[in-house]
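Chain and residue survey
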Amino acid sequence: MLGIEYPIFQGGMAWISDGILASAVSEGGGLGIIAAGNAPADYVRNQIHIAKSRTSRPFGVNVMLLSPYADDVAAMLAEEMVPVITTGAGNPSKYMEAWLNAGSKVIPVVASTALAKMAARVGASAVIAEGTESGGHIGELTTMVLIPQICDAVNIPVLAAGGIGDGRGMAASLMLGACGVQMGTRFLAAEECGIHPLYKEKILKATDLCTAVTGRRLGHPVRGLRTPFARRYAKVEYTDISDEELEAMGVGALRLAVKEGDLENGSFLSGQIAAIVSKIQPAAEILREITAEAEEILKGADKWVR
Ligand code: TUI
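Given the structure is predicted, the values throughout are model-derived calculations rather than measurements.

Conventions and cut-offs
- Numbering of residues begins from 1 in every chain and follows the order in which that chain's sequence is written.
- Where local features are concerned, this predicted model is filtered to residues with pLDDT of at least 70; where side-chain atom pairs are given and counted, the filter is 80 or more; whole-chain, interface and lining totals use all residues.
- Only hydrogens and water are set aside when side-chain values are computed; all heavy atoms of the structure are taken into account.
- An automatic or database domain assignment provides the domain bounds reported here.
- As used here, buried area is the combined drop in accessible area, with a 1.4 Å probe, of two parts when they are placed together.
- The term salt bridge refers to a pairing of a side-chain nitrogen on Lys or Arg with a carboxyl oxygen on Asp or Glu at a separation within 4 Å.
- Charged means Asp, Glu, Lys or Arg here, nonpolar means Ala, Val, Leu, Ile, Met, Phe, Trp, Tyr, Cys or Pro, and polar covers whatever is left, Gly included.
- A pair of Phe, Tyr and Trp rings is counted when the ring centres sit within 6.5 Å of each other, with Trp represented by its six-membered ring. The angle between the planes then sorts it: under 30 degrees is stacked, over 60 is edge-to-face, the rest tilted.
- Numbering of helices and strands runs from the N terminus, with a helix taken as a DSSP run of H or I at least four residues long and a strand as a DSSP run of E at least two residues long.
- Exposed residues in this analysis have more than 50% of their type's maximum accessible area, buried residues have under 20%, and partly exposed residues fall in between, with area computed by a 1.4 Å probe over protein chains only.
- A ring has a charge above it when a Lys NZ or an Arg CZ is no more than 6 Å from the ring centre and no more than 35 degrees off the ring normal.
- Note that patches include only residues with greater than 30% relative accessible area and no salt bridge, and the join distances are 9 Å for like charges and 5 Å for nonpolar side chains (Val, Leu, Ile, Met, Phe, Trp, Tyr).
- Each accessible area is a Shrake-Rupley result for a 1.4 Å probe, and residues are judged covered by the shown protein chains and nothing else.
- Under this scheme, a helix contributes an axis fitted over its contacting stretch, all axes are lines through C-alpha atoms, and angles between N-to-C directions fall in the 0 to 180 degree range.
- Crossing handedness: left-handed means the near helix sits turned counterclockwise from the far one by under a right angle, and right-handed means the same turn made clockwise.
- Residues count as neighbours in contact if any of their non-hydrogen atoms are within 4.5 Å of one another.
- Strands are treated as partners if at least two bridges between them are detected by DSSP.

In this section: the domain arrangement of the chain. For interface size, the figure often reported is the accessible area lost on association. Domain annotation for the chain reports domain 1 (8-194) and domain 2 (211-269). Using C-alpha coordinates to define each centre, domain 1 is positioned 24 Å away from domain 2. Summing both partners gives a buried area of about 1,000 Å² for domain 1 against domain 2, and 62% of it is carried by carbon and sulfur. It is Trp15, Gly136 and Ile138 that lose the most area in domain 1 upon contact with domain 2, and together they represent 49% of the buried surface on that side. Taken together, the connections running from domain 1 to domain 2 amount to 1 salt bridge. Glutamate 140 serves as the salt-bridge partner of arginine 216, at 3.6 Å between the closest nitrogen and oxygen. In terms of residue class, the side of domain 1 that touches domain 2 is made up of 6 nonpolar, 5 polar and 2 charged.

Here it is, written out as structure tokens:
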């Protein structure tokens, strides 16, 4: 459907997934995805031009639907004719007609069967079902329970996301009914990922219990590493602090992590799978390695069959 070699998407991570990372993943045979995050449309357009200058293979752009610039970014994407548009943190229905008319394939990230069905009804080409193991803004259900339920709910292809970081996760996702995967955290350790070196180091050193969820009180639960910032936030989240003050605490923290490596004040978003990310390597090698691991496991799966 997409003309890619490996059924692996690189998740659109705000401030992180730029034209350089996305083009490296696409050149390597996966689907690289530029994250719009909270950025203005001109920034995203520029990243699209960077990606187009570095690869002739298909790539995608992720629209973060809570962004104040979501309308502008959506309109810009209809002009730029990007092969794939993914969406996150909301319902993309109001943009579907414009994007489909522009010839893009639209693949929303969903965390429930209700939104998956709606996406299919309004013309999505596939959905990415993202479990609560993932980093960033998360839903309630785990990948293990979400994937089969979404597969039963819709007749379009399903990709699995959340908690997948190697060939075991990929093979398991395929067994649950997915036809591909999206990974974010593993690509934080790609050579072409431009995050601050201290961010990479924190991912490589992470252990199983290193992430925590904050932001539930404001309705936007977000998973990240347990850092001083996350601990300060968690400490005041259920006090009498106002919503406005709480909201203000989060502003800029993502940028401080990604660009400055600010260990004290940065918000280092990460999925629960960070502990198995153990080396920095080129994006293309990540794609080859994970696919080879998954193939090996799937070939050996007949040991379970009489
Ligand atoms: O969107 C993400 N991950 C993100 S977005 C982000 S930036 C941010 N900024 C401010 C507040 C919160 C986040 C960092 N990481 N992943 C895709 C995703 N979408 N996960 C869960 C959902 C989701 C949840 C509920 C999608 C739709 C939904 O329901 C919407 C509806 O209207 O039914």
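Okay, the packing of aromatic side chains next. Taken as a whole and assessed by the stated rule, the structure comprises 3 aromatic pairs. Seen from their ring centres, tyrosine 199 and phenylalanine 268 are 4.9 Å apart, and the 75 degrees between their planes marks the pair as edge-to-face. Of this pair, tyrosine 199 sits in helix 8 (residues 197-205) while phenylalanine 268 sits in the loop between helix 11 (253-260) and helix 12 (283-299); the two residues are 69 residues apart in sequence, bridging distant segments of the chain. Residue class for phenylalanine 268 comes out buried when judged on its relative accessible area of 1%. Between phenylalanine 229 and tyrosine 233 the ring centres are 6.2 Å apart and the planes differ by 50 degrees, which places this aromatic pair in the tilted class. Taken together, the residues phenylalanine 229 and tyrosine 233, both in helix 9 (residues 228-237) and 4 residues apart, mark about one turn of the helix. The class for phenylalanine 229 is buried, based on a relative accessible area of 8%. Overall, the relative accessible area of 6% leaves tyrosine 233 in the buried class. The ring of phenylalanine 268 carries lysine 202 above its face, with NZ or CZ at 5.9 Å from the centroid.

Let us look at a nonpolar patch on the surface. Together, Leu141, Met144 and Val145 give the surface a local cluster of nonpolar side chains, amounting to about 260 Å² of exposed area. Positionally, leucine 141 belongs in the loop between strand 7 (136-137) and helix 6 (143-153).

Direction vectors running N to C along helix 1 (residues 19-27) and helix 2 (residues 41-54) enclose 35 degrees, while the axes themselves pass 8 Å from each other. Handedness of the helix 1/helix 2 crossing: right-handed. Every residue of helix 2 that contacts helix 1 at Gly19, Ile20, Ser23 and Glu27 is listed here: Gln47, Ile50, Ala51 and Arg54. Taken together, the residues of the contact of helix 1 with helix 2 break down into 3 nonpolar, 3 polar and 2 charged.

Turning next to the pairing of strand 3 (residues 60-64). In terms of burial, strand 3 is largely enclosed, as 4 of its 5 residues are buried. Alignment of strand 2 (residues 33-35) against strand 3, held across 3 bridges, turns out to be parallel. When the bridges of strand 3 are listed, isoleucine 34 appears paired with valine 61. When strand 3 meets strand 4 (residues 84-88), the two strands line up parallel, connected through 5 bridges. When the sheet's bridge partners are listed, valine 63 is paired in strand 4 with threonine 87.

Moving on: the pattern of salt bridges. Under the counting rule described, the total for this entry stands at 13 salt bridges. A salt bridge links aspartate 243 to arginine 217; its shortest N-O distance comes to 2.7 Å. Separated by 26 residues along the polypeptide, aspartate 243 in helix 10 (residues 243-250) and arginine 217 in the loop between strand 10 (211-214) and strand 11 (222-225) bring together distant segments of the chain. Overlapping salt bridges bring together Arg45, Lys52, Glu79 and Glu80 as one network.

Sheets are built from strands that pair by backbone hydrogen bonding, the pairs being arranged parallel or antiparallel. A sheet is described by the order of its strands in space; here 8 strands give the open sequence 1-9-8-6-5-4-3-2, paired in parallel fashion. Each edge of the open sheet is held by one strand with a lone partner, namely strand 1 (8-10) and strand 2. Pairwise comparison of adjacent strand axes, ignoring direction, gives a mean angle of 25 degrees for this sheet. On the sheet, helix 2 packs against strand 2 and strand 3 and is oriented at approximately 155 degrees with respect to strand 2.

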